[in-house]
Structures are given as C-alpha cells and as structure tokens.
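What follows is each chain in one-letter form.
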Protein chains: 2
Amino acid sequence: MPASSPYLNHPKEIGLVKEETFVSETPFKLTNGACLDRIELRYECYGKLNAQKDNAIYICHALTGDHHVAGIYHEADEKPGWWNHVVGPGKPIDTNRFFVLSSNCLGGCRGSTGPASENPNGNEASMGGNFPDLSISDMIHAQKALIDHFGICQLHAVIGGSMGGMQALQWIVEYPGFAKNAIIIAATAKHSVQTLAFNEAGRCSIRGDLAWEKGNYEKGAGPRKGLSVARMMAHITYLSDIGMEEKFGGDRRLDPTKEFEFSVQGYLDYQGKKFVDRFDANSYLKLTEALDRFNLVGENGLEDAVSQVNTRTLVIAFSSDWLYTPKQNKDIVDALLKAGKNASYLEISHSHGHDSFLIDSGPFLGSLASFLQTDDSVKDQSNEVDGFRKIRNRYDVKKEVDFRAIDDWVLAKDKILDLGCGRGLLLEHLRETKDVQGLGVDWKLRNAISCVSRKVPVYQEEILTALSKCNNNSYDWVIFSRMVETLPEPGCIIKEALRVGRKVAISFVNYGYWRNRWNFLLKGCRIRNEVYPHEWESNHLSNHFSIHEFEEFCKRLQASGIKLKLGRKLFYRGDWVRKCDFLPNLRAGLAIYEIISTED
Amino acid sequence: MPASSPYLNHPKEIGLVKEETFVSETPFKLTNGACLDRIELRYECYGKLNAQKDNAIYICHALTGDHHVAGIYHEADEKPGWWNHVVGPGKPIDTNRFFVLSSNCLGGCRGSTGPASENPNGNEASMGGNFPDLSISDMIHAQKALIDHFGICQLHAVIGGSMGGMQALQWIVEYPGFAKNAIIIAATAKHSVQTLAFNEAGRCSIRGDLAWEKGNYEKGAGPRKGLSVARMMAHITYLSDIGMEEKFGGDRRLDPTKEFEFSVQGYLDYQGKKFVDRFDANSYLKLTEALDRFNLVGENGLEDAVSQVNTRTLVIAFSSDWLYTPKQNKDIVDALLKAGKNASYLEISHSHGHDSFLIDSGPFLGSLASFLQTDDSVKDQSNEVDGFRKIRNRYDVKKEVDFRAIDDWVLAKDKILDLGCGRGLLLEHLRETKDVQGLGVDWKLRNAISCVSRKVPVYQEEILTALSKCNNNSYDWVIFSRMVETLPEPGCIIKEALRVGRKVAISFVNYGYWRNRWNFLLKGCRIRNEVYPHEWESNHLSNHFSIHEFEEFCKRLQASGIKLKLGRKLFYRGDWVRKCDFLPNLRAGLAIYEIISTED
C-alpha cells in the first residue's frame, strides 16, 4: 500500500486536482496568417470563481512547464504541481480568495493543441514539422478564449515567470485593463543576442539529429540525442554558476571508471533523458522560436508598446539570473514608468539563477503576497507578511516633521518621486490624503517590499541610476527626505533631480548647528546624539553640510546656468519641533527647502 | 597580382614566418600511464635567442588556438597569427629583446601529435578514438622537450591565456624557477561546475552524432554536425552578453524568409562550419577532457599546490569573462600570496568576455608591457608605457612625510602590505632601500599597472576583501597611508589589519586641527584647502577623524579584548614639516601611529 501524500488533507494544500480540456471549434487564426480549424487547451483550476467573477488569477507557465501548477493527481502522488508552494489555501496566491486558472500553452505537448497532437485540421496524423509558426500573442489569444469560456470579464491578476512572464507582459499590452494586476517574473521584453544564440545552438542540435526527419518523425521516436543536448545546454542557462557549484562542487569528480566522471555529467544526462521522455522536439522548436521572435521593443521602443497598459504591475528579477537578467526585467519597468504607468520593481538575491522563481524562498513569496494582499478588503488582516512587518501606525508619519512640511506643499494628484523612500510611509500617506501618483526609490529589498505592501509603487534601485532613467520634467516633485548627506557628489544628483522634477524638496540635518560647532571647537570631533549615533569607527561614509553651504551651492548652480529659484524654506530648532527663523545656519537643527526649476 | 600584406616590411611587424617541426623519438610517457613511441610538435619562433639563452619567452595557446602566434606565411597573407598585436618588434612581447617560442599543443590537430596525426606507435592510420587521455601536464612535458632541444635552461617568461594560462600555471608549479616570470591570463586552477557542464553538453553533441563512430571516422569525415553544435555553444561562452549585443543587437533580425532569421544565427553557423573544417573532433574531445580534469585545487588546496613556485607571476582577468571569471583568476593569486610568492593581479574592464585576451586593447597591452619591461636593463627606456607614466622622481617619495616616517620604522627584508598603495611609490622606495617584500592593494587599474611597472607586486582589489584573504600575522607591517578616512566602518578594517599584520602604521590628516575648528565655529562648514579641496557638492563620502577620536578608538579596541599597544607616534604641524608634540589634537595637521599587535 503506497504511503499517503503529504499534500493530501493538509489545511494549506489544495490536495487532489484534475485536468480538464477546453475545446474551441471556432477557427483559430495565428499571427503569421495560418489558421487552425479548432484548438484544445488542457487546463487546471483551483479555488472558487465568485459570483461577480472578479477573483480570477491566470497563471502562465514557462517554456517546459505546464498547467499542473499545484496539487496532486492521486493519493500517493509525491510530486505536486510546479508552484505548489506558491498556490494554495493561505499561500501567497491564496485559493481561499482567488480562483486560479492555468492551461498548457498553445503549441505545447501536455494536452493542448501542438505539433504532436492530432491534426486539428482533420487528419489523423500529427502536424509535426508542418505545424505553423507560433507567437507569444497566439498563446494568450488561446488563453483568452478559455477565460471567455468561464465568463470572466476581468482578471484580478495575470502572473507568470520566464516565458510565462513574457505572456503576462503581452497580456497587459494587448488587452489593456483586462487584468487589474500583473506579476511579471524573471522575464524580458525581448531576448538578448546571447539567448538567441543559445536557442539557435539548441535547435541546430535537434535539426542536426538525423532522427528529426524535418519534424515528421513517428510518435515516440524523434531526435532524442539532439533534443537531449539542447535541453542540457538550456538547463545550464536556467541555473547559476554559484548554484551549480553549491550543488555539484563538493563531490565534483566521481570514480573515473564509472559511467560519469563528474557528478554534473550524470545530472545533465538524467535531465536530458527525462526531458526527452516528456517533451516533443517539434514543440521545443516552435516554442523557442516564438520566444526568440518575441520583441516588444521593436523599432518604436518598449515605451510605445506599453502606452495603452492599464494594469498595476510588479516585475520581479533575481540577482543571479543571467538568462533574463535584472537589467532586462528593469527595462520593462523603465518603459512602464516612462509611460506613466503604475509599476514596481523588486530584485531578489537568490543563488539559483533563472530557476529561482521555482524555488521556495521567503522574500519571493513575501513579494507575491505583499502585492496581491493589499486590497482594501484585506487591509485588516495580519500585518506580518513573511517577516516583513507592515507598520501602519499614523504616528510613524506624524513624527516626521519633514514629512509634514512636504505634505503641506504637495497638491492633490501631484506626481511624486521619493528618492530613498524607505518603507514608503510618506508616499502611502500622500496617496491616501491627496491621491498623489507616487513612485518610491530604495535599494533595499526589505524597504521595497514594505512599499509594495502599502500599494506604493516602488523601484528597487540606486538613486542616481533611477533618476537617470526618468524623462525631463516627468514629476511635479522630487523628494530627498534626509538622505542627501549619504550621497557622493550630491551636486550632480540634485541637478538630475531638477531635470526630472518641476520642484525638488530637500530636508537635511543642518551640520552648522551651534551644538556641533561648540562640540567641535572643544573636542575636535563631531557631536554624538540621536542624529549622529555612531562612534567614528562604526560610521558609514557621509558628506554632512550646513544651511549656508547648501545655499551657496544653489547660488553656484544658478551661476552655472541652471535655471532655478529657492521657494519655501522651513527651519526647526534642535528639538525639530519649534520653528527657527533667525540665524538658522547657527540655530537650526533641521532645514527643509523647496527648489523650483524654472527651466522651460 | 595580390596586394601585399600590411604585415610585411613594416618596422613593427615580424613579417614572414614559417612553421617548424620538432621530433622526439624518445618514448613519451603520459600522466595516465599510456606511452607514445614518439612525438612531433609543430612550432614557430620569432626573434633571436641570445648567447646566454636567457631571453626566451614561451607562449601557450588556447583550446582552439595554435602555434601561429604572429606574422604571416606569405606576402598576400591577410590574416596574421592570433597574437600579432602583442608579439613583434617594439610590441609588448618585444621580439627585438626576446626569443619567442610557441608550439601546437600535444593532442592538438595543427601539426603536433594528436588523435588525427599518423599513429605515433607505427601504424599508418591515425589513433582516432584510441588516442590516450591527456592532461595539461602532458602538454607542458612536451613543451619542455622542445625547450630542452633549444638548450634553454631558464625561460625569461611563460605566458598564456585560457587553456594557455592553465599551462603557464602548470609550468610554474611543476618546474619551480624554470620560468623567471609568468603571465597567466583569463585562466583558472580548476573548471567551475558550469564550465564542466558546458563541455559535457558539447561532448554529448559530438558523441551523439552517428558519424562520430566512437572516434574512428575516416580522415575528412567525422561528426560534423555534432562538432559544429559543440563549437557554437562554446563560442557563446567565449563572448559576453554585452559584447554580443554590441555586435549583433543592432541588426538582430534579418529578413525572416532568408536562411537565417537572426544575424547571430548566421554568425554561429559560420563559426561552427569554419571550425569543423579546421579542427578534429577527437582532438576537441581529448583537449576539453584534459581541461575538465585539470584541478590544482584538489584535496589539499591550491596553496599547497603552489608551495614550490619560484616565479614572479602576473595574473590578468577580464571583467566580463564569465567562463574563467575574475574570481577564479583571483583564486590563483590568493593562493600564491598565501604561500608567500611574488604575485600580482590585474582586472581589466573589457566587454568582450573571455575572448578579451585576443583583442587589441590599450590597458591589456600596457599591462603585459609593464610587467615584462621592468628589468634593470631597460630602466632608462621610455617612461611612458601606453599612457601610464612612470614617475620615478625621488621627490615624489621625499615630499610624502608619512612615507619618510614609515621608511624609518620598517626594517630590512620586512613583509609589507600597503593598503591603498596608489602608484606604488612607497613600496618601490622600500624595495630599493630595504629590500622589503611588499604587496600593494589598490582597486584602480591605472594605479595597479603603475605598481607592476615599478616591480611592486600588486593586488587590484577592494581593501577589506584583500585583507580578509590574508592569513593571520602574515605581514610585518600593514600600512594605511592617509586613506582610513575613505573607509566605511574603519574599525572593522583596522581590526582586520591587526589580525594580518604584526604592526600597523596609520597616517591620517587630523580633523581636530585648530584651523578646522575655528573655521567650523565661524562658518559652520569645513575648511577648504589642499587637503579638503572640494566644495560640498563635489565631495566624495568620507569619515574624517581626529587624533583624540583615534586614540579613544584604540582604547575601546583594547577594552574589547583585542591585544594591542600603541607604539611610536609622530605629529606634524599644519605645514606637515615641523614636528608638533604639544597638544597634538589641537595643533597637529598630520598624525602617524604605530600600533603593535600583542596577540600571540
């Protein structure tokens, strides 16, 4: 008697699931002009579609994945769906709240219409090598037919990693507003030349195998050697150098008289053979070609391609992913932000390379959960999301005197860029009170996730890099809230901020404050207090400045031809409570400036 | 009539060269126990071997390279040897000074004994698949036989990139002192698992081709498809993502009706086919296996493997090389340094990936030239090496008051680690006057090359990373010459320095100097002078400190259990000339401390 699966009858597991088949007898026109008489899609769904039919999440799978996202097929099944740790009751994609749907993609070989399935145009033999060329767009058209079949008029979210991420991106571009939210994971708007090259080498391996026979091989036969090599090679690109070292570095060389001299050889051989048993070579050719041709950048640029997008979007990249790199993922967010869309970017440190999105890791699950669980309906739920505490106390906002000042200055609906936004408290406050359109920038993942959980769009990046990507005058306000002193060569960064924002708000601790001077005169060292808490040896580097130095700098900027004027100024005494308008360079502890760009 | 080659009759070109063949009829025993009755090596040599036979440089080629390093074979030859820009009269490897020798490696297919050459054991057919397994060690044994044949008892240098770099490494390990100098470029002491995996996929492609016939194919036949795919894949690993984008990104998609849809496809196809025409599949199998098995790290570690090395060594890595990464190259230097050897590391920013070592780039050529041209015999030659000026003026040293103090403190033959060594002036001076064994650390390539040109061993790296790799008490002195103020959390770094050095010398500008205090009291901002030259907005980040703060920190270190005592102290007034022993925290502009580690 087989042992019962741990995935059965567990309160956080979906348990038994089953495959369904959707058939559309309507002729299905493909991007390249060809037409399929009918299509079938193999799919699975979990959770309940609510009466309003507005709680559906569509999950798009990767190149060699399928529709079996979560759950098990029978009691003794030990291998649940590929995203079982992500999808389930109480999991980040919570089947208690959401109706989750996924189908094997068109052109695939796991039950949906593809080169190996029975000829949809009527003949009994498969189309094999004669199956038409596919595009990512064709795949989502087929998914749309399935979603229509359920009578769903709007998706709560479309989510996918790798090829699935590219589909999710195509979804928000091609059906503006159809998905309220999107999570695009480890994806790209177009393949790098390196990726094209790897795919081409893989296809050459398949086509170079005599058993390929131009794709018209018998069922069960085909280019096994060629496909296996293609898979081995591709598999390397899904992992990272470090990840492989961790896995096979310790016991790297086996007994040289054995079949495999190195442990990684045996692993690759196993991966190759296993893959050949479950995947069709023609599908592999058609799908990788569809990926290679996917190019939303095109001649007009990605910003143009996403101009109609009306979906709140989160893009997640992994630090060690060298197939669809952080840069490629950022390019998607850059375009969305330039086009004025609600988009966030998170970069997760993970050693597993591209395949990190398949791994059970806290920060990744936390990111997904934070993004999906911020509906007003769940606002009062647990304020702990995978270790990232949501601090919603208004006192956090009120105590920040510079926050209050900026709150006074900002007008309703302003566009605001908050550089060094931390946990996003200021933007959350401004969003709720003034309905501003805000973007936070912070390089710490923990802070960025906290922003996402507050519905604050956030770009996890260095400040100067983020600024350099913004269009001229694209924000009403650029805000530096007590962080200029941590920037090297701050002059360049403030100049950039004046290019990007119509107004710049800068709050800083006045280093010229009399207590600092007095202390320095007596002891020759800086004062120690809550603002400067560390001994010399534990300090990070900094570049403190005084009100006088700041004003002199602004004059030099003007003299150098930068058109600006100083607007409102606020000075607070050492307690940061009482205002201070007389001799502020000597008497003020905190200063807040408004700089107005008067460039045309 | 063909146009004459630009490489002919040009004063900086070698011009016409020809191949030679060396035959050894002595039985040649291989590492794996097998024996070849005789071996042949195809080679080329340039320049003149001098009477003392001490000016020979041996160049080891990469996996698919050969002995045709420089020059042309006939007047109309438009393709000179693969390192023609490096080797020639007046070039970095100067054939006016050096006798340059290179041979096709054992197991290769360009004229030396290998699987495709006539059976060295007497039969007429080639050994093909029966050719014995090779090692990198076997290859250099064959090279040694050739060098012996010339009557050369010591090489001036052995130099190689990629597989050639691994051979150069094996040379200095296996024949201690035989090469006076070595340049190891873009190499590794063992393959990463990722590289093993790529090679294995390539070999699977070759062996999976039916035409391979276990290696016993006819001459001119063989696994053309399989070898071509292996080459395509390997070729991708020789380039970088950015480099490929630069080359094929602009015009990436061609007319889809053409033979190749993407320009990179055509390129790879061409590379694959060209390679199959010039390379033997069995050679490719044997050589990649030799590379995969090469492992100087082994069970005892690389430090043990290099313990007998007696060669001045330079290791050069390229920033975008993801095949033999900067880290892998650094590992070689780390081991050499830990074993107390004379070794330097340079990392060159270049977008061409692993193949950067084949590209004509200024900093790379400058590095080679700087390392090779520092013999006393050439000391008075041009002091401009590829834009890097050698400043040899003694005034440079004398004006540095802290240099002078440290010069007083250091004893003859001391081991010295100079953190933030700049151009290496201090170490050069100490080497020449006290015969110290020094290592400089600086993260700037320009500075590091300058050190190399001064015969100062240098490690181009961040200070904390470099320190963390040093053994306990491995230096007599660790020196921070006016750079502690640029370090974040300097306490940790000084603690590390006390672990690594028996004594630490720290010189710093005293921030507590009375002029700073006075200025700050009056204006609330730092003084501007030659020490603090920048306006606030152009400052880099820093962490200035006073004599008082430094001594307080040392007390806290002692209180925390670190065993140290303060040794000699020197204070100079604001002019950095006159000494100042009374009220130094107020009156001194510059302080120099000796800290003695009293840890057992």
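A quick note: this is a predicted structure, and the numbers were derived from the prediction, not measured.

Caption draft 1: Spatial organisation of the overall build of chain A. Within chain A, the regular secondary structure consists of 19 helices and 21 strands. In terms of C-alpha radius of gyration, chain A reaches 28 Å, essentially the compact-globule figure of 25 Å for 600 residues. Principal axes of the C-alpha set define a box for chain A whose edges measure 90 × 60 × 55 Å. Considering only intrachain contacts with a sequence separation of at least 6, the fraction spanning at least 24 residues in chain A is 71%. Summed over its atoms, the accessible surface of chain A is roughly 23,700 Å², and 50% of this surface lies on carbon and sulfur atoms. Here chain A contributes 73 positively and 77 negatively charged side chains, and the mean placements of these two sets differ by 7 Å.

Caption draft 2: Broad picture of the interface of chain B and chain A. Facing 75 residues of chain B, the contacting portion of chain A comprises 75 residues. Area buried by chain B at its contact with chain A is led by Arg-252, Trp-536 and Leu-541 of chain B, which between them contribute 13% of it. Linking chain B with chain A are 6 salt bridges. Of the charged contacts, one joins Arg-556 of chain B and Glu-537 of chain A as a salt bridge, the two residues approaching to 2.8 Å between their closest N and O atoms.

Caption draft 3: Region of interest: empty space enclosed by the protein. Under the defined criterion, the tally for this structure stands at 7 cavities of 30 Å³ or more. Volume-wise, the largest cavity comes out at about 120 Å³. Residue lining of the largest cavity: Asp-334, Leu-337, Lys-338, Lys-415, Leu-439, Tyr-459, Ala-466, Lys-469, Cys-470, Asn-471, Ser-474 and Tyr-475 of chain B, and that is the complete set. Looking at the lining of the largest cavity residue by residue, the classes come out as 6 nonpolar, 2 polar and 4 charged. There is about 80 Å³ of room inside the second largest cavity. Lining the second largest cavity are Tyr-511, Arg-526, Ser-542, Asn-543 and His-544 of chain A together with Tyr-511, Arg-526, Ser-542, Asn-543 and His-544 of chain B.

Caption draft 4: Here's a closer look at the nonpolar core. Judged by nonpolar contacts, the single largest core of 122 residues is most densely connected at Ile-185 of chain A together with Ile-185 of chain B. Contact partners of Ile-185 of chain B, with chain neighbours within four places excluded, come to Trp-83, Ile-159, Gly-160, Gly-161, Ser-162, Gly-165, Ile-316, Phe-318, Asn-329, Phe-357, Phe-364 and Leu-368 of chain B.

Caption draft 5: Layout of the relation of the copies chain B and chain A. Relative to chain A, chain B is turned by 180 degrees and slid 0.1 Å along the rotation axis, the superposed coordinates differing by an RMSD of 0.1 Å. Such a combination of turn and shift is consistent with a two-fold rotation axis. Both copies contact each other with a shared surface, as 100% of the interface residues of chain B are interface residues in chain A too.

Caption draft 6: How the structure looks around the side chain of Ser-507 of chain A. Residue and element names in this part refer to chain A. Take Ser-507: it is sitting in strand β19 (residues 501-509). The class of Ser-507 is buried, set by a relative accessible area of 0%. Apart from residues lying up to four places away in sequence, Ser-507 is in contact with Asp-402, Phe-480, Ser-481, Arg-482, Met-483, Ala-591 and Ile-592.

Caption draft 7: Highlighting the pattern of salt bridges. Scanning the entire structure with this criterion turns up 62 salt bridges over all chains. Across the salt bridge formed by Arg-293 of chain A and Glu-261 of chain B, the nearest N and O atoms sit 2.6 Å from each other. With one member in each of two chains, Arg-293 of chain A in helix α7 (residues 281-293) and Glu-261 of chain B in the loop between α5 (241-248) and α6 (263-278) form a pair that bridges those chains. Taken individually, Arg-293 of chain A and Glu-261 of chain B each receive the classification buried, so the pair is uniform in this respect. We note a salt bridge from Arg-224 of chain B to Asp-277 of chain B, for which the minimum N-O separation is 2.9 Å. Taken together, the residues Arg-224 of chain B in helix α4 (residues 224-238) and Asp-277 of chain B in helix α6 connect sequence positions 53 residues apart. Because the salt bridges share partners, they merge into one network encompassing Asp-133, Arg-207, Lys-286, Glu-289 and Arg-293 of chain A together with Glu-261 of chain B.

Caption draft 8: View of the packing of helix α5 (residues 241-248) of chain A against helix α3 (residues 193-208) of chain B. Two elements in contact, α5 of chain A and α3 of chain B, have axes whose closest approach is 8 Å; the angle formed by their N-to-C orientations is 90 degrees. As the angle between them shows, α5 of chain A and α3 of chain B are arranged roughly perpendicular. Here Asp-241, Met-244, Glu-245 and Phe-248 of chain A of α5 of chain A come into contact with α3 of chain B, specifically with Val-193, Gln-194 and Ala-197 of chain B.

Caption draft 9: Geometry of the side chain of Arg-231 of chain B. All names here are of chain B. Mapping Arg-231 onto the fold places it in helix α4. One buried charged side chain, Arg-231, makes no salt bridge at all; its nearest oppositely charged neighbour is Asp-355, positioned 6.6 Å away. With sequence-adjacent residues up to four places away left out, Arg-231 is seen in contact with Thr-64, Tyr-238, Gln-271, Gly-272, Phe-275 and Arg-278.

Caption draft 10: Structural detail: the pairing of strand β10 (residues 179-185) of chain B. All names here are of chain B. Judged by how many residues are buried, β10 sits mostly within the fold: 6 of 7 residues are covered. With 6 bridges connecting them, strand β9 (residues 155-161) and β10 associate as parallel partners. From the neighbouring strand, Ile-159 faces β10, where its bridge partner is Ile-183. In terms of strand pairing, β10 meets strand β11 (residues 312-318) through 5 bridges, oriented parallel. The residue of β11 that forms the bridge with Ala-182 is Thr-313.

Caption draft 11: Local environment of the environment of Arg-482 of chain A. Residues and elements named next belong to chain A. Along the chain, Arg-482 falls in the loop between β18 (475-481) and α16 (490-500). Taking the C-alpha atoms as reference, Arg-482 lies 9.2 Å from Ile-592; in sequence the two are 110 residues apart. Not counting the four nearest positions on each side in its chain, Arg-482 is found in contact with Glu-400, Asp-402, Ser-507, Phe-508, Val-509, Trp-576 and Leu-590.

Caption draft 12: Region of the structure containing a nonpolar patch on the surface. Residue and element names in this part refer to chain A. Taken together, the side chains of Trp-514, Trp-518, Leu-522, Phe-582, Leu-583 and Leu-586 make up a nonpolar region of the molecular surface, amounting to roughly 630 Å² of accessible area. The dominant element in the nonpolar patch, judged by the number of residues it contributes, is helix α17 (residues 514-523), at 3 residues. By the element assignment, Leu-586 lies in helix α19 (residues 584-587).

Caption draft 13: Structural view of the packing of aromatic side chains. Applying the stated criterion to the full structure yields 57 aromatic pairs over all chains. Ring centres of Phe-275 of chain A and Phe-279 of chain A lie 4.9 Å apart, and the angle between their planes is 15 degrees; this geometry places the pair in the stacked category. Among the residues examined, Phe-275 of chain A registers a relative accessible area of 1% and is labelled buried. One aromatic cluster is present, built from ring pairs that chain together Phe-508, Phe-545, Phe-550, Phe-553, Phe-571 and Tyr-593 of chain A together with Trp-536 of chain B.

Caption draft 14: Seen up close, helix α9 (residues 326-338) of chain B. Residues and elements named next belong to chain B. Over its 13 residues, α9 runs 18 Å from end to end, which matches the ideal 18 Å to within 8%, given 1.5 Å per residue. With 10 of 13 residues buried, α9 is to be regarded as a mostly interior element. Among the residues of α9, Pro-326, Gln-328, Asn-329, Lys-330, Ile-332, Val-333, Asp-334, Ala-335, Leu-336 and Leu-337 are the ones counted as buried. The first or second residue beyond α9 is Gly-340, which carries a positive phi of 80 degrees.

Caption draft 15: View of the packing of helix α12 (residues 401-409) of chain B against helix α13 (residues 425-434) of chain B. All names here are of chain B. Packing of α12 against α13 brings their axes to within 11 Å, and their N-to-C directions diverge by 35 degrees. α13 is crossed by α12, and the crossing has right-handed handedness. Along its contact with α12, which presents Phe-403, Ile-406, Asp-407 and Asp-408, the element α13 presents Leu-425, Leu-426, His-429, Leu-430, Thr-433 and Lys-434.

Caption draft 16: α4 of chain B, seen in detail. For α4 of chain B, built from 15 residues, the straight-helix expectation of 21 Å at 1.5 Å per residue is met to within 8% by its first-to-last C-alpha distance of 21 Å. A large share of α4 of chain B lies buried, amounting to 13 of its 15 residues.

Caption draft 17: Main features of unusual backbone geometry. Residue and element names in this part refer to chain B. Despite not being glycine, Lys-413 has its phi angle at roughly 70 degrees, a positive value. Structurally, Lys-413 is set in the loop between α12 and β15 (415-419). If you check the backbone angles, Leu-583 has positive phi at about 50 degrees while not being a glycine. Locating Leu-583 in the fold gives a position in the loop between β20 (564-572) and α19 (584-587). Among the residues examined, Leu-583 registers a relative accessible area of 46% and is labelled partly exposed.

Caption draft 18: Structural view of the environment of Trp-477 of chain B. Residue and element names in this part refer to chain B. With respect to the secondary-structure elements, Trp-477 resides in strand β18 (residues 475-481). Trp-477 sits 20 residues away from Ala-497 along the chain, and the two C-alpha atoms are 9.0 Å apart. Contacts of Trp-477, omitting those with residues within four sequence positions, involve Trp-409, Val-410, Asp-414, Lys-415, Ile-416, Leu-417, Lys-503, Val-504, Ala-505, Arg-568 and Glu-594.

Caption draft 19: How the structure looks around the pairing of β9 of chain B. Residue and element names in this part refer to chain B. Counting buried residues in β9 gives 7 out of 7 residues, a clear majority hidden from the surface. Taken together, the 4 bridges between strand β5 (residues 56-60) and β9 define a ladder with parallel strand orientation. By the bridge assignment, Ile-59 is partnered in β9 with Ile-159. Crossover β9 to β10 through helix α2 (residues 163-174) is right-handed.

Parameters and conventions
- Residues numbered from 1 in each chain as written.
- Chains lettered and ligands numbered in written order.
- Predicted model: local features only at pLDDT ≥ 70, side-chain atom pairs only at ≥ 80, totals over all residues.
- Heavy atoms only, no water.
- Helix = DSSP H or I, 4+ residues; strand = E, 2+ residues; numbered from the N terminus.
- Rg over C-alpha atoms; globule rule 2.2 N^0.38 Å.
- Contact = heavy atoms within 4.5 Å.
- Areas by Shrake-Rupley, 256 points an atom, 1.4 Å probe, with all protein chains shown as cover.
- Lys, Arg positive; Asp, Glu negative; His and termini not counted.
- Charge placed at Lys NZ, Arg CZ, Asp CG, Glu CD.
- Buried area = accessible area lost by both parts, 1.4 Å probe.
- Salt bridge = Lys/Arg side-chain N within 4 Å of Asp/Glu carboxyl O.
- 1 Å grid on protein atoms, 1.4 Å probe; cavity = no way out; pocket = protein on both sides within 12 Å on 5 of 7 lines; lining within 4 Å.
- Points joined across faces, edges and corners; volume = space filled by probe spheres on them.
- Nonpolar A, V, L, I, M, F, W, Y, C, P; charged D, E, K, R; others polar.
- Core = buried A, V, L, I, M, F, W, Y, C linked by side-chain atoms within 4.5 Å.
- Buried < 20%, exposed > 50% of the residue type's maximum accessible area, 1.4 Å probe, protein only.
- Least-squares fit on C-alpha atoms with pLDDT ≥ 70 in both.
- Axes fitted to C-alpha atoms, helices over the stretch in contact; angles between N-to-C directions.
- Parallel < 35°, antiparallel > 145°, perpendicular 65-115°, else oblique.
- Pairing = 2+ DSSP bridges.
- Patch = residues over 30% accessible without salt bridge, like charges linked within 9 Å, V, L, I, M, F, W, Y side chains within 5 Å.
- Phe/Tyr/Trp six-rings, centres within 6.5 Å; stacked < 30°, edge-to-face > 60°.
- Expected span 1.5 Å × (residues − 1).
- Left-handed = near helix turned anticlockwise from the far one by under 90°.
- Right-handed = clockwise from strand over helix to strand, strands pointing away.

Read these as geometric descriptors, not functional statements.
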